[in-house]
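# Report on the structure
Each chain, letter by letter, is given below.
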Amino acid sequence: MKLIECPRDAWQGHHPFIPTHKKIEYLNKLLQVGFDTLDFGSFVSPKAMPQVSDTADIIPKLDLSATSTKLLAIVANERGAAEACAFDQITYLGYPFSISETFQLRNTHATIAESLGRVEQIQSLCRQHGKKLVIYISMGFGNPYGDTWNPEIVLHWVKKLSALGITIFSLADTVGLADVEDITALFQQLITTYPDLEFGAHFHTKAEAWQVKINAAYAAGCRRFDGALLGYGGCPMAQDDLVGNMPMERLLDFAREKKDLTCLDMKALDEARQMFLELVNSQI
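Just so we're clear, the structure is a prediction, and the values are computed from it rather than from any experiment.

Let us look at the packing of aromatic side chains. Evaluated as defined, the whole model comprises eight aromatic pairs. Both rings, one in Phe97 and one in Trp157, keep their centres 5.0 Å apart while their planes meet at 50°; by these two values the pair is tilted. Residue Phe97 is located in strand E4 (residues 90-98), and its partner Trp157 is located in helix H7 (residues 151-162); the two are separated by 60 residues in the primary sequence. We note that Phe97, like Trp157, is buried. Note on Tyr218 and Phe254: the rings are 5.3 Å apart at their centroids and 75° apart in plane angle, and the pair reads as edge-to-face. One end of the pair, Tyr218, is in helix H9 (residues 210-219); the other, Phe254, is in helix H10 (residues 248-257), and 36 residues separate them in sequence. Residue class for Phe254 comes out buried when judged on its relative accessible area of 1%. Members of the aromatic cluster, each reached through a chain of ring pairs, are Trp11, Tyr26, Tyr232 and Phe276. Taking the ring centre of Tyr218 as reference, the NZ or CZ of Arg223 above it sits at 3.5 Å.

See the structure below:
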């Protein structure tokens, strides 16, 4: 299993502002754990997401000298992508491409059609700067707005976006709506239809629903999973009732059960977990 730890998603909607030096300490501890990727920050409007407005200041202070973990930053437009591309330390840019028109407008102030144009621009920048673009299909399992959703819509957009040369897609259960049947059907169809593409799961979940979601995706062939320590955070742009991230602890439990866990530094993981508890508790 490829595990992506997402501190950015954990704290982006948290108030008050977490001091930059505290974020740096925490991220450097996470870099010692051995996750495949760290979704560590965003190059988005500081007015929309003030908590991640210090991403550019954080990067030079990250110690990448003894880690294989790669950095991923979220961007919402060409300007943010250009800022992210200026940093050699970043491997991946992530773009939230919602298949709900309502949420795409709410999250990135762009229609789906406009977002397609943004993806083309961002992918061009990624090619120029040696980055890889990860497309998050947000509201990938339905939406609370009444916008039309079905598996064929997901397949349509994967086909259209993969034609631009994008090879990594993560299906985002943005408000925790995914059920087992939809998870199974979507991953089976996508992985069978596009065997050369990489598909991941970015689940938001209630405490009692984590296992069935992971199991359904894994059984259907998914091996890329996003999570956040303690299941903290979620998408503050989605709706008033915030559904937390998939707890990384549960992903680790599942990976151990399947004997599909890469070597991680568990001491560093425990220390990171304690640091995060202290960090968020001190900010309440």
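This part takes up the sheet that holds E4. One key point about sheets: their strands pair by backbone hydrogen bonds, in either a parallel or an antiparallel sense. An order of E1-E2-E3-E4-E5-E6-E7-E8 is seen for the eight strands of this closed barrel, with the pairing classed as parallel. Direction aside, the axes of adjacent strands within the sheet are offset by 30° on average. Two elements, strand E1 (residues 2-5) and strand E2 (residues 37-43), share two bridges in a ladder whose sense is parallel. Bridge assignment links Glu5 to a residue of E2, and that residue is Leu38.

Reading guide: rules and limits
The residue numbers shown here count from 1 along each chain, following its written sequence. Since the coordinates come from a predicted model, pLDDT governs what is reported: local features require at least 70, and pairs of side-chain atoms require 80 or more to be given and counted, while whole-chain, interface and lining totals use all residues. To obtain the side-chain values, all non-hydrogen atoms of the structure were included, while hydrogens and water were left out. Here the aromatic set is Phe, Tyr and Trp, taking the six-membered ring for Trp, and pairing holds for ring centres within 6.5 Å; pairs whose planes are under 30 degrees apart are stacked, those over 60 apart are edge-to-face, and all others are tilted. A helix here means a DSSP run of H or I that spans at least four residues, while a strand means a run of E at least two residues long, and both kinds are numbered starting from the N terminus. Partly exposed residues are those whose accessible area sits between 20% and 50% of the maximum for their type, while under 20% is buried and over 50% is exposed, using a 1.4 Å probe and protein chains only. Charge over a ring is defined by NZ of Lys or CZ of Arg lying within 6 Å of the ring centre and within 35 degrees of the ring normal. Two strands are said to pair when DSSP picks up at least two bridges between them. All axes here are fitted lines through C-alpha atoms, helices being fitted over the stretch that makes contact, and every angle between N-to-C directions spans 0 to 180 degrees.

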